[in-house]
Amino acid sequence: MSLAAAQVWVGFCLLGIGFAMHRTGPAFKRHPAGTPVALLGLALILLHSEPAEPESLLVETTTDIMPWIICAAIGINLVLLGAPIYSNARTLPLLAGWAGIIAAWYLILETLRDLTLIEILSWLGSILGAILAIAVFALSVKYTESKTPVEPESTPLTEKERKYVQSVISRHLEASDEF
């Protein structure tokens, strides 16, 4: 394996690791190192000397899909930012986000023009298979949840139980203050 090929694969691994790191943590406080690690991986993939055949295909595919992935990511984030929260929609980010998503679809369709009918049918078969698998999974979950008996609502804590819980919490809070 050449040095350029190793650089591409290390970059690809770092891109995946950075994405996984970014997804850890609570929804509004992501891991701070995720984005820089993913960007480092992307830089390693794109900034290289010419690698051999399988790695050059990975680099070519990455550079081909980068414009529409960026448009789609920006569009999706703007749509989520402008989406109605408690019936208050932000119209400008919402419209700009949908424009970004439409631009991403346009870029995808421009890329697909170079494909043959057999390749497009193969992709459609894969997409239909994935949709069918997701539908079967969703129906299985729905069926299983419909057959699971509903648990009765628990009774509220008694006064004795409430005092016990308060004492346990206060002891733990006092112990954490000592450190």
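Residues numbered from 1 in each chain as written. Predicted model: local features only at pLDDT ≥ 70, side-chain atom pairs only at ≥ 80, totals over all residues. Heavy atoms only, no water.

1. Considerations on the packing of aromatic side chains
Scanning the entire structure with this criterion turns up 1 aromatic pair. Geometrically, the ring pair formed by W9 and F12 is edge-to-face, given 5.8 Å between the ring centres and 90° between the ring planes. With W9 and F12 both in helix α1 (residues 3-22), this residue pair falls 3 residues apart, about one helical turn. (Phe/Tyr/Trp six-rings, centres within 6.5 Å; stacked < 30°, edge-to-face > 60°. Helix = DSSP H or I, 4+ residues; strand = E, 2+ residues; numbered from the N terminus.)

2. Describing the layout of surface pockets
Computed from the structure, the largest pocket encloses a volume of approximately 520 Å³. Forming the boundary of the largest pocket are 16 residues, of which L15, A38, L42, M66 and I69 lie nearest the centre. When residues of the lining of the largest pocket are traced back to their parent elements, those giving at least two are α1, α2 (34-46) and α3 (53-82). Grouping the constituent residues of the lining of the largest pocket by class yields 12 nonpolar, 4 polar and no charged. Within this model, the second largest pocket holds a volume of roughly 440 Å³. Lining the second largest pocket are 14 residues, and of these I108, T111, L112, L115 and W123 sit closest to its centre. Among the secondary structure elements, those contributing two or more residues to the lining of the second largest pocket are α3, α4 (91-112) and α5 (117-147). For the lining of the second largest pocket, the per-class residue count stands at 10 nonpolar, 2 polar and 2 charged. (1 Å grid on protein atoms, 1.4 Å probe; cavity = no way out; pocket = protein on both sides within 12 Å on 5 of 7 lines; lining within 4 Å. Points joined across faces, edges and corners; volume = space filled by probe spheres on them. Nonpolar A, V, L, I, M, F, W, Y, C, P; charged D, E, K, R; others polar.)

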